[in-house]
Amino acid sequence: MNPLKRPAMEEENETLLSAKLQRTEDRPQPSAEDVRDTVSEESDDGYDSGELEASALEIEGLYLDTVNRASLDFDFEQLCSVSLSNNNVYACLVCGKYYQGRGKQTHAYFHSINEGHHVFINLRTLEVYVLPDNHKVDDKSLNDIKAAVRPTYSAEQVARLDSVSEDAYDLSGKRYIPGLVGLNRIKCSDYMNVVIQALAHVPPIRNALLLLPDLECKPPLVQRMANLVRKMWHPKLFKSHISPHELQQEIVNRSKRRFKLDSSGDAFELLTWLLNTLHMDLGGSRKSDSSVVYKAFRGELNVTTQQLQDTRVRAREDDPIEMDSAKPIVRSKVPFLTLSLELPPRPLFADGDDKGEVVIPQVALVSLLQRFNGSTVIEWQGQAKQYQLLKLPQFIICHIKRFTSTDLAAEKNPTVVNYAIHDVPFGSLLPKDALATRPHGASTYNLIANICHDGRPAGNKAPTELGKPATAALAATTAVTYTSDETTSAMGQYVVYLHHASNDKWYMLRDLQVSPVMPQMIFLSDSYVQIWQRND
C-alpha cells in the first residue's frame, strides 16, 4: 500500500464508522433485559442485518489487519478484566485483554469504541466479531487463532505423535518440539510442573485427553488438564512456552489447598492425588478397566500379613524376620497404582575416601524391587508383611522414598539409585506359574519419565557445606556452589527427564528450560518418581 494514500483512506474509514455509529445512536435504547450478557440474547442486539451485510467486505478489510497475534495469550483464566465474570467472555485480538459480552452497554462494546480495537473472539464458541458493528467474521486467516484457543486433534494425528518427529516454530521463529514445551513457574509450582510434564508423556493418558469428546461437559479439572495437554502438543503455538495457571489454580481449589502455589509440595503426593481424581472425574469405579488411568497404571499384588509377636523368634536382633506358618496369617489381594521403594538408612556419619571427598552411598534398583518378590519379609507398624506381585500394568510408577520429616526439619536420603533405562526385568518378580504362561518370559520395561529432586528438601534451612554443590547433578551441570544465603534453587527444586519416543532422545525440563541431555546424565540427579513402560 502506498503510504502517501494512507491518510485519505483513514479519513474515509472514520467517516464510514461515524455514520454507522450515528445510525445506531438514533435507535431507541434497549432495556436491561435486552442487553444481558448471554449469547442467545446478543444474537439480536437491534442491529440491521441488511446494513451489516452490505458493508461486510468494507468492515473486514478495515479491521482484520489490526489483529496482533504477538499480544495474544490464551493460557490464563477466562475472566473479564473489568467485571471478573467468566460468563460470555471475549478476547480482544488487538491487545489480548478479556472483556465480557459484545452487545451494547457491555465492556467489550465500550472497549471497541474507547480504544479503537474492533476484532473480538468468543472464547467458548470461537466466533469472531467486529465491534461495535456486531459483524460476524468468517475468515480462514483466523483459523490459527481459533486453534490456539482450543487445539483439536484427529485420531490420525494422535497416532503419529510417537512415530514422526517434526520441529515447530513460534511467532518469533523460535524452534520447539511439540510435547516438549516449557511451563511457567508460578511461585513454588515446580513440583506441579514436573507431574504435568510426566503425565503428558504417558501415551494412553495423553491420547485420551487429546481425543476426549464433549470436553465442555466434563468436570473442570478434566477440562483444564485436557486443554493444557492439547496446547503442549500443538505444533502451531504463538509462544514456545505455556502458563499452566488455570490447571494449577483448579488443583489448589479442588484439593482444598492441600497443594499450594506459594509453598513447595511433594511431587509424589500430587501425582497420586491427581491420578485418583482424574479416575473419578472420568467416570471410573473399582473395576480395573473403568478408566484410562486404571487401564494404564493399575496392577495387583498379594499381601501376606502376620502380627510381629507371632513370627519366629530371632537369635539376633539384626536377623531377618521369618513368618511362622503355624500362627495366624492373613492373605489378601490388593490393587496398586504405585510401588514405593525403601532406600537403605541414611548413614549417620559421612564416609570419605583417601582424598577427603564425601562418598555417597549407592544401591541398585533391582535390589530395591526385591521387597515385592514374595519372599522378603518387612516390618511395618507392628506387623510382618510379604508382598508378591501378581499382575503388572502397562506402566509402572516407582516411588523412591527419600524424604522423612522430624520436628526440627525435613531430611533427605542422598543415596544414589543405579538402574538401566532399557529392559529392566520387572516380570521376574512375578510367581513362577505366571511366568510360565507368558510366551516371551519375564516382562521388561523401559524408562520414559524420571522426576528428580535437586538440593535440600523443602523446609530444611541447614546450609550446605561451603564449596560443595548440593547434589551430584548440580556438580555436573554448573560450577557454582551454594550456601544458605543464596538462591532458592539450591534449597530444592524438581526437574523431570523425559524420553521423547518420536526421535528416541532424552530431554531435561526444568520449568521453562528444555534441553537435550545424554542418557548418562539422568543418573546424576536424585531420582524420586519414575514411570516405566512395558515392552509389548
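Residues numbered from 1 in each chain as written. Predicted model: local features only at pLDDT ≥ 70, side-chain atom pairs only at ≥ 80, totals over all residues. Heavy atoms only, no water.

An unreviewed UniProt entry annotates the protein as U4 U6.U5 tri-snRNP-associated protein originating from Coemansia linderi.

Participant: Could you give an account of the overall build of the protein, with specific residues and numbers?
Facilitator: Summing up its helical and strand segments, the protein has 16 helices and 24 strands in all. Split into buried and exposed, the 536 residues of the protein put 47% on the buried side. The long-range fraction of contacts in the protein, counting pairs at least 24 apart against all pairs at least 6 apart in sequence, stands at 68%. Element-wise, carbon and sulfur atoms account for 51% of the exposed surface of the protein, whose accessible area totals about 27200 Å². (Helix = DSSP H or I, 4+ residues; strand = E, 2+ residues; numbered from the N terminus. Buried < 20%, exposed > 50% of the residue type's maximum accessible area, 1.4 Å probe, protein only. Contact = heavy atoms within 4.5 Å. Areas by Shrake-Rupley, 256 points an atom, 1.4 Å probe, with all protein chains shown as cover.)

Participant: Any chance you could break down the packing of helix 10 (residues 220-232) against helix 11 (residues 245-254) for me, citing the residues and the numbers?
Facilitator: In contact at an axis separation of 9 Å, helix 10 and helix 11 are set at 155° when each is read in the N-to-C sense. For the element pair helix 10 / helix 11, the angle class is roughly antiparallel. The handedness of the crossing between helix 10 and helix 11 is left-handed. From helix 10, Pro220, Leu221, Arg224, Met225 and Leu228 reach across to helix 11, where they touch Glu246, Leu247, Glu250, Ile251 and Arg254. Grouping the amino acids of the contact of helix 10 with helix 11 by side-chain chemistry returns six nonpolar, no polar and four charged. (Axes fitted to C-alpha atoms, helices over the stretch in contact; angles between N-to-C directions. Parallel < 35°, antiparallel > 145°, perpendicular 65-115°, else oblique. Left-handed = near helix turned anticlockwise from the far one by under 90°. Nonpolar A, V, L, I, M, F, W, Y, C, P; charged D, E, K, R; others polar.)

Participant: For the pairing of strand 16 (residues 395-401), give the residues involved together with the corresponding values.
Facilitator: For strand 16, the buried fraction is high: six of the seven residues fall into the buried class. Bridge count for strand 12 (residues 338-342) against strand 16 is five bridges, and the pairing is parallel. The partner of Ser340 across the bridge, within strand 16, is His399. Two elements, strand 16 and strand 24 (residues 526-534), share five bridges in a ladder whose sense is antiparallel. (Pairing = 2+ DSSP bridges.)

Participant: Tell me what's going on with the side chain of Lys146, and back it up with residues and numbers.
Facilitator: In this fold, Lys146 is placed in helix 6 (residues 143-149). For the buried Lys146, no salt bridge exists, and the shortest N-O distance to an oppositely charged side chain is 4.8 Å, to Asp138. Apart from residues lying up to four places away in sequence, Lys146 is in contact with Ile121, Leu126 and Val128. (Lys, Arg positive; Asp, Glu negative; His and termini not counted. Salt bridge = Lys/Arg side-chain N within 4 Å of Asp/Glu carboxyl O.)

Participant: So, the sheet that holds strand 11 (residues 330-336): which residues are in play, and what are the values?
Facilitator: With antiparallel pairing, the four strands of this open sheet are ordered in space as 11-10-15-14. Of all the strands in the sheet, the pair left with one neighbour each is strand 11 and strand 14 (373-380). Averaged over all pairs of adjacent strands, the angle between strand axes in this sheet comes to 30°, irrespective of strand direction. Across five bridges, strand 14 lies against strand 15 (residues 383-391) in antiparallel orientation. When the sheet's bridge partners are listed, Trp380 is paired in strand 15 with Gln383.

Participant: Before we move on, could you go through the nonpolar core and cite the residues and values that matter?
Facilitator: Counting residues in hydrophobic clusters, the biggest one holds 65 residues, and the most contacted among them are Val195, Phe297, Ile451 and Ile531. Looking at which element gives the most residues to this core, the answer is helix 12 (residues 267-281), with eight residues. In this structure, Leu341, Val363, Tyr445 and Met508 belong to the second largest nonpolar core, which totals 36 residues. (Core = buried A, V, L, I, M, F, W, Y, C linked by side-chain atoms within 4.5 Å.)

Participant: With reference to specific residues and values, describe helix 5 (residues 107-115).
Facilitator: Here helix 5 has its buried residues at Ala108, Tyr109, His111 and Ser112. The arc that holds every buried residue of helix 5, seen down its axis, measures 165°, which confines them to one face. Check the buried side of helix 5 and you find it contacts strand 1 (89-92), strand 2 (98-100) and strand 3 (119-122). Among the residues trailing helix 5, Gly116 stands out with phi positive, at a value near 75°. (Arc of directions from axis to C-beta.)

Participant: Which residues make up the pattern of salt bridges, and what values go with them?
Facilitator: Oppositely charged side chains can pair when the atoms bearing their charge come close. Overall, the coordinates contain 16 salt bridges when judged by the stated rule. For the salt bridge of Asp73 with Lys239, the shortest nitrogen-to-oxygen distance reads 3.0 Å. Of this pair, Asp73 sits in the loop between helix 4 (56-63) and strand 1 while Lys239 is found in the loop between helix 10 and strand 9 (241-242), placing the two residues 166 residues apart along the sequence. The closest approach of N and O atoms between Lys412 and Asp526, which form a salt bridge, is 2.9 Å. On the criterion of sequence distance, the pair formed by Lys412 in strand 18 (residues 410-412) and Asp526 in strand 24 is long-range, its members being 114 residues apart. Grouping residues by exposure puts Lys412 and Asp526 together as buried. Counted as one network, the salt bridges with shared partners bring together Glu77, Arg224 and Glu250.

Participant: Let's hear about helix 12: which residues, and what values?
Facilitator: The terminal C-alpha atoms of helix 12, which comprises 15 residues, lie 21 Å apart, in line with the 21 Å expected from a rise of 1.5 Å per residue. Most of helix 12 sits inside the fold, with 11 of its 15 residues counted as buried. Among the residues of helix 12, Ala267, Phe268, Leu270, Leu271, Trp273, Leu274, Leu275, Thr277, Leu278, His279 and Asp281 are the ones counted as buried. The N-cap residue of helix 12 is Asp266: its side-chain oxygen and the backbone nitrogen of Phe268 are 2.9 Å apart. Just downstream of helix 12 lies Gly283, where phi reads positive at about 85°. (Expected span 1.5 Å × (residues − 1). Polar contact = N/O pair within 3.5 Å; in protein donor to acceptor, adjacent residues only side chain to side chain.)

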